[in-house]
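Here's the letter readout for the chains.
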Amino acid sequence: MSGADNVVWLGTPAFPKAARTALADTRMRANLRRATSTIRDKRLAVAAELADWEELRERAATIKRNTLRHLDHHLLRLEKEVTAAGGTVHWAADAAEANRIVTQLVKATGESAVVKVKSMATQEIGLNEALADAGIRAYETDLAELIVQLGGDRPSHILVPAIHRGRSEIREIFRRQMGQWGRPAPDDLTDDPRDLAEAARLHLREKFLRAKAAVSGANFAAADTGTVVVVESEGNGRMCLTLPETLITVMGIEKVLPSFADLDVFLQLLPRSSTGERMNPYTSLWTGVTEDDGPRHFHLVLLDNGRTATLADEVGRQALNCIRCSACLNVCPVYERTGGHAYGSVYPGPIGAVLTPQLVGVENAASLPFASTLCGACYDACPVKIDIPEVLAHLRAEAVEAGRRDRLLPTPEALAMKAAAAVLSSPKRLAAVQRLAALATRLVARDGRIGFLPGPLARWSATRDAPAPARESMRAWWRRTKTTTRDAGRTTAGEKEAR
């Protein structure tokens, strides 16, 4: 498996091309606009209820920053505590190793199916596909993930994977596909949310009762106690975490926190930033295994998969602070119009634009750092204060450098920048170009605007108007008027002296 396979979907076009296709899907854009605006308004309302909201953000950012500085220490402590509590810890350097570990653990149970808690980490490594190749079927139990799985679709949002689907679409997916995965949908199924939720409940209940093995992700893990945390809104995760005999958790190494007390900060920030709730309806915490209570076997797979390399980047490493709340997606004007599929990654939106290129190498996702207006709304919304615009600008520079190294000849943009440098470094050349520009634009300007530029600039001007340059530059104006101004000054002074 190549580095690009670890996070980016194969065969997905680069963002500019994928975005053009997404912009033509008016129904998807309407679904996104309605959903993101609702979540955005709820987040603002519940965040405003806390007088110390900004202090909580600063504390969370500090905790994450300090944790990354001593990540090796906290991970080793977590391993020690989980092992002491009866769990088993596995280390996975990349996606292939993580998939191999999980597949072997499931096979050891003798089962050919697992139930799954919603997990970004397992999507990142393509676990479902790896299990399928080994003859093991993975059943998604989160409602939105179930919709995506039944529809043969891909998630388009970190928190709400099926945000691009409307209720009528979901009803048709249930009616058409549920029977192929288990209990079929009722014949009289409507698109009422309660009916859809009930159909999913009945479909999943038999899987919960039969499952002997489950796979989950993790929102946090406390190093000092070995406690792992999953937060969710439906209760399906709670069923997966408690009923099966074997529980396998795949967790990115950046999810560790130094102490159990740190959860106080993050369990206030996460629900408000993600779903606009004061607390998550279901917060599940477990430490190893407990006799006669929950799974008899617990395995924790600690996943690197590019995170150590990201940690080495002093600017980009702050992306590892992400707690997967999706607040940045819900405020991003680019995401709202293009949706998540255009990003070509399981991590869409602003955080995906900075995280994916670092996990897979910027040369494998060079278009993503440019999928932003740099408006800064993502930074304002981020509960752990990741300066996404700063990282985007940093990665854009890396992408340009990577592209330059791979090219035998310079790009038109590089040539244009060199020409601009030559012009701007010489006052005489600048003045000559300004005169030529003023003359040339008179031929193409209409009502003081330029709507079309020929040659290499035609693509740029096809979707933009630019103001026409002034007929006279500042330098030319000054040269023409400075003598008159000085004479007027002398006359005024002389008149005053005569008086």
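Let us look at the structure shown here.

Criteria and cut-off values
Residues numbered from 1 in each chain as written. Predicted model: local features only at pLDDT ≥ 70, side-chain atom pairs only at ≥ 80, totals over all residues. Heavy atoms only, no water. Helix = DSSP H or I, 4+ residues; strand = E, 2+ residues; numbered from the N terminus. Buried < 20%, exposed > 50% of the residue type's maximum accessible area, 1.4 Å probe, protein only. Lys, Arg positive; Asp, Glu negative; His and termini not counted. Salt bridge = Lys/Arg side-chain N within 4 Å of Asp/Glu carboxyl O. Contact = heavy atoms within 4.5 Å. Pairing = 2+ DSSP bridges. Axes fitted to C-alpha atoms, helices over the stretch in contact; angles between N-to-C directions. Phe/Tyr/Trp six-rings, centres within 6.5 Å; stacked < 30°, edge-to-face > 60°.

## Observations regarding the side chain of Lys207
Now for step 1: Along the chain, Lys207 falls in helix H10 (residues 193–210).
Now for step 2: We note that Lys207 is buried and unpaired, the nearest opposite charge coming from Glu206 at a distance of 4.1 Å.
Now for step 3: Contacts of Lys207, omitting those with residues within four sequence positions, involve Val115, Tyr139, Trp181 and Gly182.

## Considering the sheet that holds strand S3 (residues 137–140)
Now for step 1: The strand order S1-S10-S7-S4-S2-S3 describes an open sheet built from six strands, whose pairing is parallel. Two strands lie at the open edges of the sheet, namely strand S1 (88–92) and S3, each paired on one side alone. Sheet twist, expressed as the average angle between the axes of neighbouring strands with direction ignored, equals 25 degrees.
Now for step 2: By the bridge criterion, two bridges tie strand S2 (residues 113–116) to strand S4 (residues 213–216) in an arrangement that is parallel. Within S4, the residue paired with Val115 across the bridge is Ala214.
Now for step 3: Docked against the sheet, helix H4 (residues 71–84) engages S1, strand S7 (246–252) and strand S10 (297–303), running at close to 145 degrees with respect to S1.

## Considerations on the packing of aromatic side chains
Now for step 1: Inspection of the entire model under this criterion finds six aromatic pairs.
Now for step 2: Each ring, one from Trp286 and one from Phe298, has its centre 5.9 Å from the other, and the planes form 85 degrees; the classification is edge-to-face. Separated by twelve residues along the polypeptide, Trp286 in strand S9 (residues 282–287) and Phe298 in strand S10 bring together distant segments of the chain. As far as the burial class goes, Trp286 and Phe298 line up, both buried.
Now for step 3: An angle of 45 degrees between the planes, with centres 6.4 Å apart, marks the rings of Trp477 and Trp478 as tilted.
Now for step 4: Note on Trp477: relative accessible area 39%, which makes it partly exposed.
Now for step 5: Grouping aromatic residues by their ring pairs yields a cluster made of Phe15, Tyr335 and Tyr343.

## Re the sheet that holds strand S6 (residues 227–232)
Now for step 1: Read across the sheet, four strands follow the order S8-S5-S6-S9 without closing on themselves; strand pairing throughout is mixed. Both outer strands of the open sheet, strand S8 (256–257) and S9, are each paired with one neighbouring strand and no more.
Now for step 2: In this sheet, S8 lies alongside strand S5 (residues 220–222) in parallel orientation, the contact comprising two bridges. Paired with Ala222 across the two strands is Leu257, which belongs to S8.
Now for step 3: Against the sheet, helix H12 (residues 263–274) contacts S5, S6, S8 and S9, and its axis sits at roughly 165 degrees relative to S5.

Nothing here speaks to function; it is geometry throughout.
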